Amino acid sequence: MVTKIHPNLEATTAKMNAQGVSVYYGDKKAIDNVSIEVPSKYVTSFIGPSGCGKSTFLRVLNRMNDTIPTARVEGDITLDGEDIYGSSMDVVQLRARVGMVFQKPNPFPKSIYDNIAYGPKIHGFAEGKEELDEVVERSLVRAGLWNEVKDRLTDSGTALSGGQQQRLCIARAIAVDPEVILMDEPCSALDPIATAKIEELIADLNENYAIVIVTHSMQQAARVSQRTAFFHLGHIVEYGRTSDIFTNPLEQQTQDYITGRYG
Ligand SMILES: Nc1ncnc2c1ncn2[C@@H]1O[C@H](COP(=O)(O)OP(=O)(O)OP(=O)(O)O)[C@@H](O)[C@H]1O
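Residues numbered from 1 in each chain as written. Predicted model: local features only at pLDDT ≥ 70, side-chain atom pairs only at ≥ 80, totals over all residues. Heavy atoms only, no water.

As recorded by an unreviewed UniProt entry, the chain carries the name Phosphate ABC transporter ATP-binding protein and is attributed to Pontixanthobacter aestiaquae.

Structural data, given as structure tokens:
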């Protein structure tokens, strides 16, 4: 099945480029021949009914699927033109460059400070206490959490509220200076106020990174993203500007999904 690309999609430079990607779990094909470019300074939403492969495809973009023994990937995925599945790709570096935020906030069972400082320390981004302090403060400021936690940086990250924990996880991803941030339903465990804060944060971060977000909320996709890809049964049915996907879908399947007829 060929993905329909909306005709008035403006040209962009791909930060990541996936071409002809298929993903298997054992014999089962979960993603079938998907091609898409992920541009910098854009938020791209992946939408589609449950089980259509959104999370699977997101995970192959930073090789998180390497942790699933039965998973196998075919096709080409590049980051700035470099094959992320190539033998010279360092997976630890890749996951710093292509950070991930999960559905359920997953801070380390460490202090707020150490949650942020850990990555820059192991990647050699900061040397000495002063530099680390700076990275920790800058990352928490960018994640909109600094004012709430600056007086309790030694408290455990797990003692924060769910919304704060998710912003801590975003701060942790930012601390290692990523180029792409993948978010897998980052607000699904959060209340509307915490969700609004994360959405504001996504809008701010948008200026510096390529962001990809999997969401079940049409409203959220419409609010935060400029590009949307509609997934169905392991394919991308159509891809375009978010406004075009929602107001002028090319395919009946997309129309049915966005109007709540299934999924
Ligand atoms: N670790 C796994 N092992 C085997 N099959 C899996 C695994 N993870 C996902 N799948 C299967 O791959 C397909 C795609 O699942 P995936 O989680 O990517 O879909 P999704 O669109 O993200 O769904 P949801 O919106 O419900 O999170 C489904 O059929 C699912 O059962």
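On we go.
Participant: How do you make sense of the overall build of the chain when you look at a structure like this?
Facilitator: A tally of regular secondary structure across the chain gives 10 helices and 11 strands. Rg of the C-alpha trace for the chain: 18 Å, near the compact-globule value of 18 Å for 263 residues, within the 12% margin. Summarising its shape, the C-alpha atoms of the chain cover approximately 55 × 45 × 35 Å along the three principal directions. Relative to its full complement of 263 residues, the chain shows a buried share of 52%. When contacts within the chain are restricted to residue pairs at least 6 apart in sequence, long-range pairs at least 24 apart make up 68% of them. Counting only carbon and sulfur atoms, one obtains 48% of the accessible surface of the chain, whose full area is about 11,900 Å². (Helix = DSSP H or I, 4+ residues; strand = E, 2+ residues; numbered from the N terminus. Rg over C-alpha atoms; globule rule 2.2 N^0.38 Å. Buried < 20%, exposed > 50% of the residue type's maximum accessible area, 1.4 Å probe, protein only. Contact = heavy atoms within 4.5 Å. Areas by Shrake-Rupley, 256 points an atom, 1.4 Å probe, with all protein chains shown as cover.)

Participant: For this particular structure, what's the right way to read the site of the ligand?
Facilitator: The environment of the ligand is made up of 15 residues, and the closest members are Lys28, Ser50, Lys54, Thr56 and His216. In this structure, lysine 54 approaches the ligand through a side-chain N or O atom, which is 2.7 Å from an oxygen atom. Within the side chain of serine 55, one N or O atom sits 2.8 Å away from an oxygen atom of the ligand. Within the complex, the protein chains bury 66% of what would otherwise be the 640 Å² of accessible surface of the ligand. In terms of residue count, helix α1 (residues 54–60) provides more of the shell around the ligand than any other element does, 4 residues in total. (Near = heavy atom within 4 Å. Polar contact = N/O pair within 3.5 Å; in protein donor to acceptor, adjacent residues only side chain to side chain.)

Participant: Hey, could you run me through the pattern of salt bridges in this one?
Facilitator: Close approach of charged atoms allows side chains of opposite charge to pair. If you walk through the whole model with that rule in mind, you get 16 salt bridges. A salt bridge links arginine 241 to glutamate 10, with the nearest nitrogen and oxygen atoms 3.8 Å apart. Taken together, the residues arginine 241 in strand β11 (residues 235–241) and glutamate 10 in the loop between β1 (4–5) and β2 (14–25) connect sequence positions 231 residues apart. Look at arginine 241 and you get partly exposed, because its relative accessible area is 29%. (Salt bridge = Lys/Arg side-chain N within 4 Å of Asp/Glu carboxyl O.)

Participant: Please explain the packing of helix α3 (residues 112–122) against helix α6 (residues 162–174) as it appears in this structure.
Facilitator: Packed helices, taken two at a time, are described by the angle their axes make and the gap between the axes. Running from N to C, α3 and α6 cross one another at 25 degrees; their axes reach a closest spacing of 8 Å. If you check the angle between α3 and α6, you find them roughly parallel. Between α3 and α6 lies a crossing of right-handed hand. Contact with α3, carried on its side by Ile112, Asn115 and Ile116, involves Leu168, Ala171 and Arg172 of α6 and no other residues of that element. For the contact of α3 with α6, the residue count by class is 4 nonpolar, 1 polar and 1 charged. (Axes fitted to C-alpha atoms, helices over the stretch in contact; angles between N-to-C directions. Parallel < 35°, antiparallel > 145°, perpendicular 65-115°, else oblique. Left-handed = near helix turned anticlockwise from the far one by under 90°. Nonpolar A, V, L, I, M, F, W, Y, C, P; charged D, E, K, R; others polar.)

Participant: Just checking my understanding: could you explain a negative patch on the surface for this structure?
Facilitator: A cluster of acidic residues, Glu127, Glu130, Glu131, Glu134 and Glu137, forms a negative patch on the protein surface. Within the secondary structure, glutamate 130 sits in helix α4 (residues 128–142). (Patch = residues over 30% accessible without salt bridge, like charges linked within 9 Å, V, L, I, M, F, W, Y side chains within 5 Å. Lys, Arg positive; Asp, Glu negative; His and termini not counted. Charge placed at Lys NZ, Arg CZ, Asp CG, Glu CD.)

Participant: How do you make sense of the pairing of β2 when you look at a structure like this?
Facilitator: For a regular strand, side chains alternate in direction, first toward one face of the sheet and then toward the other. Across 8 bridges, the pairing between β2 and strand β3 (residues 28–39) is antiparallel. Residue pairing for β3: asparagine 17 is matched across the bridge by glutamate 37. As consecutive antiparallel partners, β2 and β3 are separated by 2 residues, and within that stretch glycine 26 has a phi angle of approximately 60 degrees, a positive value. Bridge count between β2 and strand β5 (residues 71–79): 8 bridges; the pairing is antiparallel. When the bridges of β5 are listed, methionine 16 appears paired with leucine 79. (Pairing = 2+ DSSP bridges.)

Participant: I keep staring at α4 and nothing clicks. Help me out?
Facilitator: Since one α-helical turn is 3.6 residues long, residues separated by three or four positions face the same way. Counted at 1.5 Å a residue, the expected span for α4 with its 15 residues is 21 Å, and the 21 Å between its end C-alpha atoms agrees. Along α4, the residues classified as buried are Leu132, Val135, Val136, Ser139 and Leu140. Each buried residue of α4 lies within a common arc of 120 degrees when the element is viewed along its axis, so the set occupies one face. On its buried side, α4 packs onto α3, α5 (146–149) and α6. Directly beyond the C-terminal end of α4, a positive phi value near 70 degrees is found at glycine 144. (Expected span 1.5 Å × (residues − 1). Arc of directions from axis to C-beta.)

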